[in-house]
Amino acid sequence: MNAPTVPLPAGLCRRHAFAALGLGLGLTALAFAALASIPRGLHEFVYYSFPSYDATLEPLPFAPMNGFTPEQLSSHLARLVLLAPGCILVGVGIAPLLAGRKTRPSFSWRPIALTSCLLVATAAAWVFRGTPVQDDEPTYLMQASALAEGRLFDPPVPIGNRWSENFTVFTGSGTTGKYLFGTPFVLSLGLRLEVPLLPHVLLVFATLYFMFKAAHAAGATLTATIGVALLAVSPQFVFTSATPTSQAPALAAIAVAVWAAGRGGDFSGFIAGSALGAAFTCRPQMAVPCGLAIILPALWRDRRFVLATIMAGVPWLLMVLLYDAALTAHALRLPWDAFSVERYGFGWWSLRETGYYFHPVKAVLNVGSVLIRLNGWGLGWPLSLAGPVAWFAFGRPARAAVAPWAWIAVATFAFQFAYYSVGTSETGAIYHHAVLPFIALSTAAVLEHLGSGRYRYLAAGVAVSCAALGTGSFLVEHAARLRRLAEFISEPVRVAKAEAQIPALVFLEPHFAGRLPVGWVFGPPERLRGPYEPIVIYPAGREKASDALRESMSHRQCYYEYYDYAQARYVLTSCTKMKRLHEGFLEDSTLLRYPHPESADGRFPRWIEGGWRSAFRWVPLLSR
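Cut-offs and rules
Here the residue numbers are simple positions, counted from 1 along each chain's written sequence. This being a predicted model, a pLDDT of at least 70 is required before a residue's local features are given, and a value of 80 or more before pairs of side-chain atoms are given or counted; all residues contribute to the totals for chains, interfaces and linings. Excluding hydrogens and water, the side-chain values take into account all heavy atoms of the structure. Helical segments are the DSSP runs of H or I of at least four residues, strand segments are the runs of E of at least two, and each set is numbered from the N terminus. Burial classes: relative accessible area under 20% of the type maximum marks a residue as buried, over 50% as exposed, and values in between as partly exposed (1.4 Å probe, protein chains only). Residue contacts follow a heavy-atom distance rule, with two residues in contact if any of their heavy atoms lie within 4.5 Å. For accessible areas, the Shrake-Rupley method is used with a probe of radius 1.4 Å. Any residue's cover is judged against the shown protein chains and nothing else. As a per-residue measure, pLDDT reflects the predictor's confidence and takes values from 0 up to 100. Any Lys or Arg side-chain nitrogen located within 4 Å of an Asp or Glu carboxyl oxygen qualifies as a salt bridge. When the sulfur atoms of two cysteines come within 2.5 Å, that pair is taken as a disulfide. Note on definitions: angles span 0 to 180 degrees between N-to-C directions of axes, and those axes are lines fitted to C-alpha atoms, for helices only across the stretch in contact. For any pair of crossing helices, the crossing counts as left-handed if the nearer helix is rotated counterclockwise from the farther one by less than a right angle, and right-handed if it is rotated clockwise. The nonpolar class holds Ala, Val, Leu, Ile, Met, Phe, Trp, Tyr, Cys and Pro. Asp, Glu, Lys and Arg form the charged class, and all remaining residues, Gly among them, are polar. Two N or O atoms form a polar contact when they lie within 3.5 Å of each other; inside protein one atom must be a possible hydrogen donor and the other a possible acceptor, and for residues adjacent in sequence the pair counts only when both atoms belong to side chains. Take the number of residues in a helix, subtract one, and multiply by 1.5 Å to get its expected span. At least two bridges found by DSSP between two strands are what make those strands a pair.

1. Some thoughts on the overall build of the chain
Thinking step 1. Helix and strand counts for the chain stand at 21 helices and eight strands.
Thinking step 2. A burial count over the chain gives 57% of its 624 residues as buried.
Thinking step 3. Look at the contacts in the chain between residues 6 or more apart in sequence, and 75% of them connect residues 24 or more apart.
Thinking step 4. Looking at the chain as shown, the accessible area adds up to about 26,200 Å², and 65% of this sits on carbon and sulfur atoms.

This is how it looks when you write it as structure tokens:
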């Protein structure tokens, strides 16, 4: 009989393993009970905090933009405190079962990549169902719709007739979103087939393919395969790729550049430069640090590759400059800068009118928030960052395969350090999306390293338990959470489509008195406004802008939609009532009722007066 290769004496192994398994399952049950005790409902998603927007940025930890909602942080802590030791003990318990296998399991990256594509498609179709969870998404789709119809921008709007809408920019050349053309172009390919996220599914496969090819070429085939498996089911990778945002196409392009950099030479430099240029048109703040992390190490070993990379990137930069000039009349002024509300950015500064002060200490605190998010969202494991830490501790195994992504991770953190925000947290640490391949590959390299020693069955057992109990439960928890959020956000669109007589023009109340501010979608959740759309939705508010839109679409039935707090539902009514109701909303501050069950008047943030404690009822000390 073959004795299992574990650090315990062979005669005691199974007895200890059964004890560990029982204790681990008990802790896991407690963890799931703690997660189930977290209150769920509309109050989870009311992020905007009065009296200042900057209450979403500070104070930490309970700031929904730079920190966490109480429900989110409670989930992270329950997984760290209860599920992490539970998974480790369960892994110890199942180690003898793995030791009993006579053959080493083998698997291919291809079915794993296809499984990831299926997960992304399922998330898009079943979880989000075409509903945005932040204002960026309808903006990208609005730009994609124009490109799909053969236009760079929608027609310009006279200054007096412009409406107020998050991330929509108006210039003398046209009306569009604040983003460059890369991601909208990718989405426009899917819009032509009425499946805008179809390219994202294909890009998921491309990301995993080139990540595997790069690591395989570096001589780490097993690390590459395990890394693909870990990234394929990463909650952040899956859910972010299922939204019409820029992270998926940018990461796919960066994966191509990493693969090309490993090959070296002129032609590979041309591929890398083209890929980085494409990534820049999708997400500049992701492409710049990643590009530097790829190019700078090559200066000492392959200058011809660097020269070819730069030359191949020049045409993409020229396209961006031409696009800027066409929209903003200035080649160096990005569309982002034309959005008047964009007041923040990089650097240390203060904003007196809001009272928000950004300085290095807050930057360090923001990094802490990102690390907590990545520790959960990165792999779905309760200790997703254990792999990168162990990779350094064990002397960086499979260094040639992991190091390129390690430099990208370092560059990403360095670049984002001086930025005032870490981004929304609906699908993870999205501003640090390029760090995910490093987390996956470093963890895979550690598992392969341990697999050649006496702890291989323990390592395999812990990995299996973390994937099954950690990643599996994380995907389920946040799929349910995101579906609830999508239901709340899509409600005004569903009401309009159910009750309006088409073709219809709907003015949706944007002010919080007449609109329930759910999630990070403050503008209309749907902004496809082509001439053949059965229903087009615009924000209400500016009388002259509304009158101009009604006149230009006189063939459409006109409606006004607002949230009736007394009836707790959206109401679709005639446009003739719009001005009267809108003025009433602005005058009657008592209508600003938020569903905060912990606060006395339902208006203030959940963390005021200790209301956040209800999300931590699983902690006995706080539940007294």
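From this point on, the discussion continues.
2. Describing unusual backbone geometry
Where the residue is not glycine, phi is negative for most of them; where a peptide bond is considered, it is trans in most cases.
Thinking step 1. Omega for the bond connecting L60 with P61 falls within 30 degrees of zero, at 10°, which places this linkage in the cis form.
Thinking step 2. For the bond running from I502 to P503, omega is -5°, close enough to zero to count as cis.
Thinking step 3. Tracing the chain through its elements places P503 in the loop between helix 18 (456–499) and strand 5 (504–508).
Thinking step 4. The phi dihedral of F167 falls on the positive side, at around 75°, and the residue is not glycine.
Thinking step 5. Topologically, F167 is positioned in the loop between helix 4 (136–148) and strand 1 (168–170).

3. Here's the deal with the confidence of the model for the chain
Detail in the predicted coordinates should be disregarded across regions flagged by low pLDDT.
Thinking step 1. A residue-level look at the chain finds 87% of positions with pLDDT of 70 or above and a mean pLDDT of 86.
Thinking step 2. Within the chain, the lowest mean pLDDT, 55, falls on helix 21 (residues 620–623), and the highest, 98, falls on helix 8 (residues 235–241).
Thinking step 3. Note on residues 1–12: pLDDT is under 50 here. Beyond four places in sequence and across chains, it has 18 contacts.

4. Description of the pattern of salt bridges
Thinking step 1. Going through the model one piece at a time under the given rule, you end up with 14 salt bridges.
Thinking step 2. In this structure, R527 and D135 form a salt bridge, with 2.6 Å as the shortest nitrogen-oxygen distance. Highlighted residues: R527 in the loop between strand 5 and strand 6 (535–539) and D135 in the loop between helix 3 (109–128) and helix 4, separated in sequence by 392 residues.
Thinking step 3. Under the relative-accessibility criterion, R527 is labelled buried at 2%.
Thinking step 4. What makes D135 buried here is its relative accessible area of 2%.
Thinking step 5. Across the pair R151 and E149 runs a salt bridge, and its minimum N-O distance is 2.6 Å.
Thinking step 6. Residues participating in the shared-partner salt-bridge network are R40, E44, R79, E477 and R484.

5. Some thoughts on the state of the cysteines
Thinking step 1. Within the structure shown, the criterion is met by one disulfide.
Thinking step 2. Summary of cysteine pairing: C87 is not part of a disulfide, and the nearest cysteine sulfur, belonging to C466, is at 4.5 Å.
Thinking step 3. Given a relative accessible area of 6%, C466 falls into the buried group.

6. A short note on the packing of helix 2 (residues 70–99) against helix 18
Thinking step 1. Contact geometry of helix 2 with helix 18 gives a least axis separation of 6 Å together with a crossing angle of 145°. In this structure, the crossing between helix 2 and helix 18 has a hand that is right-handed.
Thinking step 2. Looking at the contact of helix 2 with helix 18 residue by residue, the classes come out as 17 nonpolar, eight polar and three charged.

7. Observations concerning the side chain of Q247
Thinking step 1. With respect to the element layout, Q247 can be found in helix 9 (residues 247–263).
Thinking step 2. On the basis of relative accessible area, Q247 is assigned to the buried category, the value being 3%.
Thinking step 3. Side-chain polar atoms of Q247 contact the side chain of T245, separated by 3.2 Å.
Thinking step 4. With residues near it in sequence (within four places) discarded, Q247 still touches T240, R283, M286, I430 and H433.

8. Section: helix 6 (residues 198–217)
Thinking step 1. Over its 20 residues, helix 6 runs 29 Å from end to end, which matches the ideal 28 Å to within 8%, given 1.5 Å per residue.
Thinking step 2. Of all the residues in helix 6, the buried ones are P199, H200, V201, V204, T207, L208, F210, M211, F212, A214 and A215.
Thinking step 3. Phi turns positive one or two residues past the end of helix 6, at G219, with a value near 85°.

9. Topic: the side chain of E509
Thinking step 1. Among the structural elements, E509 can be located in the loop between strand 5 and strand 6.
Thinking step 2. Exposure remark for E509: the relative accessible area of 0% places this residue in the buried category.

10. Structural notes on the pairing of strand 8 (residues 569–574)
Thinking step 1. Note: strand 7 (residues 557–564) against strand 8, six bridges, orientation antiparallel. Pairing of Y563 across the sheet is with Y570, part of strand 8.
Thinking step 2. Between strand 7 and strand 8, which pair antiparallel one after the other, the connecting turn spans four residues, and A568 there sits at a positive phi close to 55°.

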